[in-house]
Structure formats: C-alpha cells, structure tokens
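Spelled out, the chains give:
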Amino acid sequence: VVTSGAGAHGSFAQSAGGSGSSVSPEFKAEVAAFFDVLVSGAGAHGIFAQSAGDGMGSILVQVFPNVTVQGGGAASVSGAESGAAIFVKQGTRSTINNDGTIRSIDGSSGVAIRAVDSDLTINNDGLITGEIINDGVSGSPITLVNYESGVINTGQLVDVDLEVHLGDIVIG
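Note that this is a predicted model, so its numbers are computed, not measured.

What counts and how
Residues numbered from 1 in each chain as written. Predicted model: local features only at pLDDT ≥ 70, side-chain atom pairs only at ≥ 80, totals over all residues. Heavy atoms only, no water. Helix = DSSP H or I, 4+ residues; strand = E, 2+ residues; numbered from the N terminus. Buried < 20%, exposed > 50% of the residue type's maximum accessible area, 1.4 Å probe, protein only. Contact = heavy atoms within 4.5 Å. Polar contact = N/O pair within 3.5 Å; in protein donor to acceptor, adjacent residues only side chain to side chain. Patch = residues over 30% accessible without salt bridge, like charges linked within 9 Å, V, L, I, M, F, W, Y side chains within 5 Å. Areas by Shrake-Rupley, 256 points an atom, 1.4 Å probe, with all protein chains shown as cover. Salt bridge = Lys/Arg side-chain N within 4 Å of Asp/Glu carboxyl O. Pairing = 2+ DSSP bridges. Axes fitted to C-alpha atoms, helices over the stretch in contact; angles between N-to-C directions.

Peer 1: Would you mind showing me how to read unusual backbone geometry here?
Peer 2: Working note: non-glycine residues mostly have negative phi, and peptide bonds are mostly trans. Phi at glutamine 90 takes a positive value of approximately 60 degrees, unusual for a residue other than glycine. Topologically, glutamine 90 is positioned in strand 8 (residues 84-90). Accessibility expressed as a relative area gives 23% for glutamine 90, which makes it partly exposed. Phi angles above zero are rare outside glycine, and aspartate 117 is one such case at about 55 degrees. The topology assignment puts aspartate 117 in the loop between strand 11 (111-116) and strand 12 (120-124). Note on aspartate 117: relative accessible area 30%, which makes it partly exposed.

Peer 1: Just to check I follow, could you spell out the environment of aspartate 135 for this structure?
Peer 2: Turning to its location among the elements, aspartate 135 is positioned in the loop between strand 14 (131-134) and strand 15 (142-146). Note: C-alpha distance between aspartate 135 and alanine 75 (60 residues apart in sequence) is 16 Å. When neighbours within four sequence positions are excluded, aspartate 135 is seen to be in contact with Arg114, Ala115, Val116 and Asp117. A distance of 2.4 Å separates the side chain of aspartate 135 from the side chain of arginine 114, its partner in a polar contact.

Peer 1: Can you walk me through a nonpolar patch on the surface in this structure?
Peer 2: On the surface, a nonpolar cluster with roughly 330 Å² of combined accessible area is contributed by Tyr147, Leu162, Val164 and Leu166. Locating leucine 162 in the fold gives a position in strand 17 (residues 162-165). A relative accessible area of 46% means that leucine 162 is categorised as partly exposed.

Peer 1: Whenever I open this one, the pairing of strand 9 (residues 94-98) confuses me. Can you help?
Peer 2: It is a general feature of regular strands that their side chains alternate between the two faces of the sheet. Of the two faces of strand 9, only one is covered, namely that formed by Ser94, Ile96 and Asn98; the face formed by Thr95 and Asn97 stays uncovered. Of the strand pairs in this sheet, strand 6 (residues 58-63) and strand 9 are connected by 5 bridges, and their pairing is parallel. Pairing of isoleucine 59 across the sheet is with serine 94, part of strand 9.

Peer 1: Where do I start with the pattern of salt bridges in this structure?
Peer 2: Charged atoms that come close allow side chains of opposite charge to pair. What the rule picks out here adds up to 1 salt bridge. We note a salt bridge from aspartate 135 to arginine 114, for which the minimum N-O separation is 2.4 Å. Placement of aspartate 135 in the loop between strand 14 and strand 15 and of arginine 114 in strand 11 is noted, with a sequence separation of 21 residues between them. Taking relative accessible area as the criterion, aspartate 135 reaches 38% and is therefore assigned partly exposed.

Peer 1: What should I look at first to understand the sheet that holds strand 11 in this one?
Peer 2: Either a parallel or an antiparallel arrangement is found when strands of a sheet pair, and the pairing is made through backbone hydrogen bonds. In space, the 5 strands of this open sheet follow the order 2-5-8-11-14, with parallel pairing throughout. The sheet terminates laterally at strand 2 (11-16) and strand 14, the two strands that pair on one side only. On average, each strand axis in the sheet is tilted by 5 degrees relative to the strand beside it, whichever way the strands run.

Peer 1: How do you make sense of the environment of glycine 136 when you look at a structure like this?
Peer 2: Looking at the secondary structure, you find glycine 136 in the loop between strand 14 and strand 15. Relative accessible area serves as the criterion here: at 25%, glycine 136 is assigned to the partly exposed category. Along the backbone, glycine 136 and serine 118 are 18 residues apart, and their C-alpha atoms lie at a distance of 6.7 Å.

Peer 1: How should I be thinking about the side chain of serine 51 in this particular structure?
Peer 2: Position of serine 51 among the secondary structure elements: in strand 5 (residues 47-52). If near-sequence neighbours (up to four positions away) are discounted, serine 51 is found in contact with Ser15, Lys28, Met56, Gly57, Ile59, Lys89, Gln90 and Gly91.

Peer 1: Quick question: what am I supposed to make of the pairing of strand 14 here?
Peer 2: Residues of strand 14 alternate between two faces, with Glu131 and Ile133 on one and Ile132 and Asn134 on the opposite face, all of them buried. Alignment of strand 11 against strand 14, held across 4 bridges, turns out to be parallel. By the bridge assignment for strand 14, alanine 115 is matched with asparagine 134.

Here it is as structure tokens:
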C-alpha cells in the first residue's frame, strides 16, 4: 500500500458502536501487515486502528518480518495531528507486535506510534524509528517491551509508563 496525499491513510480498521452484549471475537479491530504500508502525505497514518462505542474492545496490530509501516509527515493544518506510522485510538486493551519496521517519513523527529485513550502494549522485536506519543487521558498507560533483537531510534519524546529494554535504544 502506497499513498502520498495529505491525510491519505494506508490502512484503516475500525469497530464502532454496538451494545457490547453480543458474543464477539477477542479483538474488535485487528490489522496484520504482511506487506509494506508506505504513506508520505502530511497528517497521513500508515495504520489507523480504533475500537469505540458501547461495544468497544481490544485492538491488535501486527507488523511481520521484512515489512515496513511508514507514517506521513507533519500536519499541514495548524492544530492537526502529524502522521504516525501506527495510530491506535481507544479500545479496551491494545497491542502492537512489531517484527518488522515501524517508522516516520521524518525519521526520529517524526511520530512512529501515537495512542489516544488506549491501554497499549508495544512488543518490539524489530525496528522502531520516531517518537512514541500518548495523547490519552490519565489511566491510559503505554507499556514498551523492547526484546533482545529490538532496536528503537527515539525522537525527543517517548511517552510511555513502563519500559523494558533487552535490546538497543538510540536516543536521538
């Protein structure tokens, strides 16, 4: 998937509404990146995943080996969000499993991962380049687990509540 326009997201997964009373799968919104997702437009997200409403549930994003998910650049409108490689919004418990590459088109100064109002766990066995931003309310923690083969090239902001580093971290 390749996009280049402002706000032209690569992959969009959303589960919205519902009463929450029906039998449903473990994950309400699930994205598996088996192929590259490369976006370059201002404010564009490589993967946007959301679970919202009364029936909101868990979100799962998986980036497989030899796959790159790239977010777009800074927003072109004042006050708008910059593009993120992966943007997770809401959901009860969210997980990103990375065995590939998650990066911003702007390198370590851009946004690799943005979470809004989601209890997010990031499991990294690959490469993450860019900032990790938590735009959530209090009680929406981010846990970052960087395994032995994982490498994180951070920007100025890594807004996480708990970090476990067995791999490499390069502070940029």
